[in-house]
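Results of the structural survey
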Amino acid sequence: MGEYLKKIVVITFTILIGMNLFPYEIYASEKRNVLFITTYSSCTSDFEKRISGIKEGLEQGIDLHTKYFSESIIENKEEQKYFVDELKNTLQEERYDAIIVGDYYTLKFAIKNRDEILKDLPIIFFGVSNNEIIEEAISKDKITGVKQALSIESTINLIRKYHPFTNNIVVINNYEDSKEIEALKNEIIPKFKDINFKFIYTSKLSENEFKKKIKHLDENNAILTIYPNDFKNSNWISDNDINELINETTNNIPIYNLVEEGIGSGSIGGKVVSIYSQCKKVGEIARDFIEGKKVKPLYISDNDANKYMFDYINMSKSQIKPNMLPEDSKLINSPKDFITLYKGVFIFIILFVVALIIVIITLIRYLAYKKKHEEILKKAMKEIEEINKLKNHFIINMNHELKTPITVINSVMQLTKYVKKQDEKYFISEKNIVLVEDNCQRLLKLVNNIIDLEKIDSQEINLNMENVNIVEVIEDTVLSVVPYAQARNIDITFDTKEEEIIMSVDKNKIERVVLNLLSNGIKYSKEAGFVDVRVYVCENNLHIVIEDDGIGIDDENLNKIFDRFVRVDNSLARTNEGSGIGLSIVKAFVDCHNGNISAKSIKNVGTSFIINIPIVIKNYNDGNDVKQISTDNYIKQELADIYL
Ligand code: ADP
């Protein structure tokens, strides 16, 4: 049992010691903090760029805090003391795992206070180009960072590539005695023997003097700005304003920059110091420190953190195309940027336009639907109106059609009664008998037509089909109306080349069709006119044409005459009797024979009806395929409208 306990104690201790040997494992569950001491306040334009760069490098799980180190602290001892006290408090209140400094002054401050307040804390720097302070910093334990170096040579190479006719490069910098100018003159210019370098030092010039110096530069020149901001009498001009000033004064001389801030306001671009890249690297180094990884004395000692950056608007002016740029170049102000920037607005506009189009289409369709239905309604109303009119017309017509024969019959009967009173032996005269008979026929015709109409409507027309010689049928029908035609002094003719056309028809119906058309021809003809009937065969179709030189029908009414109850309201027509049913029955009978009927007419010239019936012969197996013609007494009935 004692052995057992001993084992448990040993294992527990081993675990605890192991955890102490690997502090990261313990810290993993703790909150980690990094303090960034910065001379750039949150109001400055690239503050956000610095913060997001460091955060990107730190990744998740490490909090970044900032402490503002104002420039006045550098000069003022009192303020420096106050800042130190404040920093001490900050470091006591919270546990920090690393310090980041972002320029020469804060690095200097950190080195100076390394032992007193920042003891044992890893310090990582960026934004520093001064070699001496970098040397001093990296000689100490746990201080490392990235050096800020200008890409002068790479940017001159860009000028040479994109402006091959450039002879002179005008370098603009604050001071003549700067390290950058020294390096340029000693190390870089000797490599570019074919180019003249001119120098303008802004600290020696006022703004106007500067303008005068650049005014006469021609297209053989290109401008390279290093740090061009500090003018005579401590007049400080931003990179953007310098670019604008140069563009205003010169005639579009290409401008190249070495710092990111200078791009986007009139310069073409260059390989520029990228604060974001430096900050990201610094964040990564801080994380390495925290995770206990091995850390190098200096991470970037040259311009590796810099980026090729170009302004699409200005490079387009010099005919530089995006595909001519070095790989991984950053392009600003490109149409793509514009689209990305206003993506939300574009999507909104597109959705709005689509919604608008949908609304407009729906509205148009609704209006079209409404209009269509209004038109259908209007048409239906018109039809109802028309039917009503026809109905009224029909009733008035019927009234007339019934009244006239009844009045005639009644008159004859009254006269007979009266005369019979005078003379007991009186017999009704032959003339009056015919008159009564005619009017009875007329009444019968009307009743039969109404019955036929009813049959047509209920599709109950009985066809009594038989094979007949149709030429004979039509000729006999024409002959039967001759007395009626003569009574009106109308010349009636029958014309055909065919002697015999045998076909299957309902003879009675065909006779009624022809009689009706002949009756109309006589009724609506002029004095001493003619009615001509022609029969011929064309493409196995029987054609019957009934033509007159009567009053004719106007175009408006011509397409209505086959509708029932239609009577053309014509003063001449009204002198004749009729119900307006005849042609609708004619059409129905022709349709029964799979034929068709049409009419042509010219007002006051004449009318012709054309019937077209397919010639078909059928075998009826009754031993008598061709029926003999029998004369029916309905001729009188069909022509009852015409008084002899
Ligand atoms: P109706 O009994 O009134 O004659 P229809 O149906 O036979 O009735 O004819 C309809 C209308 O067509 C007639 O009222 C007449 O106005 C016109 N019509 C028919 N045939 C002729 C024709 N040959 N010449 C002129 N008008 C005609």
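Being a predicted model, the structure only gives us computed values, none of them experimental.

What about the confidence of the model for the protein?
Here the protein averages 86 in pLDDT, and 90% of its residues register 70 or above. Confidence over residues 15-28 falls short of pLDDT 50; this stretch has 7 contacts with residues more than four positions distant or in other chains. Per-residue pLDDT stays below 50 along residues 623-631; that stretch engages in 16 contacts with residues further than four places along the chain or on separate chains.

Observations concerning the packing of helix α17 (residues 470-480) against helix α19 (residues 507-523)
At a closest axis distance of 10 Å, the pairing of α17 and α19 adopts a crossing angle of 40°. Between α17 and α19, the angle falls in the class oblique. With respect to the hand of their crossing, α17 and α19 are arranged in right-handed fashion. Residues Ile-470, Val-473, Ile-474, Thr-477, Val-478 and Ser-480 of α17 form the contact with α19, whose own contacting residues are Lys-507, Ile-510, Glu-511, Val-514, Leu-515 and Leu-518. A per-class count over the contact of α17 with α19 returns 8 nonpolar, 2 polar and 2 charged.

Concerning the side chain of Asn-243
Note that Asn-243 resides in helix α11 (residues 239-249). For Asn-243, a relative accessible area of 0% gives the class buried. A polar side-chain atom of Asn-243 sits 2.6 Å from the main-chain carbonyl oxygen of Gly-262. In this structure Asn-243 touches Ile-255, Asn-257, Gly-262, Ser-265, Gly-266 and Ser-267, once residues within four positions along its chain are discounted.

Things to note about the packing of aromatic side chains
The relative placement of two aromatic rings is captured by the distance of their centres and the angle of their planes. In this structure the tally under the stated criterion is 10 aromatic pairs. For the pair Phe-348 and Phe-352, a centre-to-centre distance of 6.2 Å together with 20° between the ring planes defines the contact as stacked. Taken together, the residues span about one helical turn, with Phe-348 and Phe-352 both in helix α15 (residues 343-422) at a distance of 4 residues. For Phe-348, a relative accessible area of 56% gives the class exposed.

Regarding unusual backbone geometry
One non-glycine residue with positive phi stands out, namely Asp-120, at about 65°. Among the secondary structure elements, Asp-120 is positioned in the loop between α6 (104-112) and β4 (123-128). Note on Asp-120: relative accessible area 55%, which makes it exposed. For Lys-142, which is not glycine, the phi dihedral falls at a positive 60°.

A word on the pattern of salt bridges
Note that side chains of opposite charge can pair when their charged atoms are close. Inspection of the entire model under this criterion finds 19 salt bridges. Asp-63 serves as the salt-bridge partner of Lys-31, at 3.7 Å between the closest nitrogen and oxygen. Here Lys-31, found in the loop between α2 (23-27) and β1 (32-38), pairs with Asp-63, found in strand β2 (residues 62-68); they are 32 residues apart in sequence, far enough to count as distant. Residue Arg-160 pairs with Asp-194 through a salt bridge whose shortest N-O separation is 3.2 Å. Of the two residues, Arg-160 is situated in helix α8 (residues 152-162) and Asp-194 in the loop between α9 (179-188) and β7 (196-201); the sequence distance between them amounts to 34 residues. Looking at Arg-160, the relative accessible area reads 35%, which means it is partly exposed. Among the residues examined, Asp-194 registers a relative accessible area of 52% and is labelled exposed. Bridged by salt links that share partners, the residues Arg-32, Arg-95 and Asp-97 form one connected network.

Analysis parameters
- Residues numbered from 1 in each chain as written.
- Predicted model: local features only at pLDDT ≥ 70, side-chain atom pairs only at ≥ 80, totals over all residues.
- Heavy atoms only, no water.
- pLDDT = per-residue confidence, 0-100.
- Contact = heavy atoms within 4.5 Å.
- Axes fitted to C-alpha atoms, helices over the stretch in contact; angles between N-to-C directions.
- Helix = DSSP H or I, 4+ residues; strand = E, 2+ residues; numbered from the N terminus.
- Parallel < 35°, antiparallel > 145°, perpendicular 65-115°, else oblique.
- Left-handed = near helix turned anticlockwise from the far one by under 90°.
- Nonpolar A, V, L, I, M, F, W, Y, C, P; charged D, E, K, R; others polar.
- Buried < 20%, exposed > 50% of the residue type's maximum accessible area, 1.4 Å probe, protein only.
- Polar contact = N/O pair within 3.5 Å; in protein donor to acceptor, adjacent residues only side chain to side chain.
- Phe/Tyr/Trp six-rings, centres within 6.5 Å; stacked < 30°, edge-to-face > 60°.
- Salt bridge = Lys/Arg side-chain N within 4 Å of Asp/Glu carboxyl O.

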